[in-house]
Amino acid sequence: MSNAEMVQYWNDSAGPVWVAQQERLDAQIGPLGALARERAAIRAGERVLDVGCGCGATALELAEAVGDAGRVVAVDISRPMLERARQRAGTAGAGTRVEWRLDDAQSAAFEGDAFDVVFSRFGVMFFADPIAAFTNLRRALRRDGRLAFVCWQPSDKNPWMLAPARAAAQHIAFPAPPPPHAPGPFAFGDAAHVRAILERAGFADVAHEAVNGPMRLAGDSVDEALELCLQVGPVGAALREARPSEEQRARVIGAVREVIESFETPRGIEAEAGAWIVTARKA
Ligand SMILES: C[S@@+](CC[C@H](N)C(=O)[O-])C[C@H]1O[C@@H](n2cnc3c(N)ncnc32)[C@H](O)[C@@H]1O
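Quick look at the structure, then. Each residue is numbered by its place in its chain's sequence as written, counting from 1. This being a predicted model, a pLDDT of at least 70 is required before a residue's local features are given, and a value of 80 or more before pairs of side-chain atoms are given or counted; all residues contribute to the totals for chains, interfaces and linings. Excluding hydrogens and water, the side-chain figures rest on all heavy atoms present in the structure.

Some words on helix α10 (residues 246–262)
Stated formally: Secondary structure follows DSSP: runs of H or I at least 4 residues long count as helices, runs of E at least 2 residues long count as strands, and numbering of each begins at the N terminus. An expected span of 1.5 Å times one less than the residue number is assigned to each helix. Note on exposure labels: buried denotes an accessible area under 20% of the residue type's maximum, exposed denotes more than 50%, and partly exposed covers the range between, all computed with a 1.4 Å probe on protein chains only. Here the arc refers to the directions that run from the helix axis out to each C-beta atom. Whether two residues are in contact is decided by their heavy atoms: any pair within 4.5 Å suffices.
In this model α10 runs 24 Å from its N-terminal to its C-terminal C-alpha over 17 residues, within 8% of the 24 Å that 1.5 Å per residue would give. Of all the positions in α10, only Val252, Ala255, Val256, Val259 and Ile260 are classed as buried. Down the axis of α10, the buried side of the element spans an arc of 140 degrees, and every buried residue falls inside it. Every exposed residue of α10 that faces more than 90 degrees away from the buried side is listed here: Glu246, Glu247 and Glu258. Considering only its buried residues, α10 is in contact with α6 (159–169), α8 (222–231), α9 (233–242), β7 (264–265) and β8 (268–282).

Below is the structure:
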């Protein structure tokens, strides 16, 4: 997918769904974002660039962390998600320290040497040209500036997303699996590939920390988790694309419900997930 197609996807297709489901999505991926933020070791007064900031949760947390003397620039290509972020930021407190910017992080003309940290929660796997994108982000960092982001490991380490998609694919057309490393949620699953991208873009001390284990899926019930799964991610995208008949749709819902039911535990709806916390430094 080209960046232009990504712009369309995150504005017209996925963006409105992420806005509608923002609270549940924040609850689901919040702990992984918090871990990446911890590894970024943000200090008061620092200047942070939040890449693919979406509906703004992490930019607002970063603004709390940098305090009054700090600064956060939050960039995203999705107009509806940024609008939601602006609303959440409000007109008082930490939110006023965030500059929201509608732009493509791969090519945006950021000020050079302007940031101490480049951060992202699942917002850096969608670039058509990741080397160009990370070269651009490196330029925005000061010397020795830090990079910290969280991304997904390969799809087979993420049955929370893969298993419902496989079940749905029995009943509706799914796009052919993308080529390895193609832009998308699993583009950065291969640690060696990501290390090569970052080193070619001028980063040093690239480190991958594996985070594997059960992830609490959003929603307190099977019905809520099912609703999210039918809207967001590969199942949601396939349902929007395939425009199934009522009968096909019912079969998809039944199949995905069975998978979600299999994720039920006494603690809530949980499934295995695998993510990388990636850190590096501007060489
Ligand atoms: C999976 S969402 C994550 C959103 C947010 N970081 C969060 O954790 O809630 C990916 C985000 O990356 C954004 N994105 C994709 N390609 C981008 C690009 N080239 N430049 C800036 N943002 C991009 C999307 O619009 C979307 O908001």
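What about unusual backbone geometry?
Apart from glycine, the bulk of residues carry a negative phi angle, and the bulk of peptide bonds sit in the trans form. In this structure, Ala41 takes a positive phi of about 45 degrees despite not being glycine. Along the chain, Ala41 falls in the loop between α2 (22–40) and β1 (47–51). Its relative accessible area of 40% is what places Ala41 among the partly exposed residues. Not every positive phi belongs to a glycine, and Asp205 is a case in point at roughly 55 degrees. Turning to its location among the elements, Asp205 is positioned in strand β6 (residues 203–216). For Asp205, a relative accessible area of 53% gives the class exposed.

What about the site of the ligand?
Here is the rule: For this description, a residue counts as near a given molecule or strand if any of its non-hydrogen atoms is within 4 Å of it. Here a polar contact means two N or O atoms within 3.5 Å. Within protein one must be a hydrogen donor candidate and the other an acceptor candidate, and residues neighboring in sequence count only if both atoms are side-chain atoms. Only the protein chains shown count as covering a residue, and every accessible area follows the Shrake-Rupley method with a 1.4 Å probe.
Taken together, 18 residues lie around the ligand, and Gly52, Asp76, Asp104, Ala105 and Arg121 are the ones closest in. The separation between an oxygen atom of the ligand and a polar side-chain atom of Asp76 is 2.5 Å. Contacts to the ligand include Ala105, whose backbone N or O atom sits 2.9 Å from a nitrogen atom. In isolation the ligand offers 590 Å² of accessible surface; the protein chains occlude 97% of this area.

Don't take any of this as a statement about function, it's just geometry.
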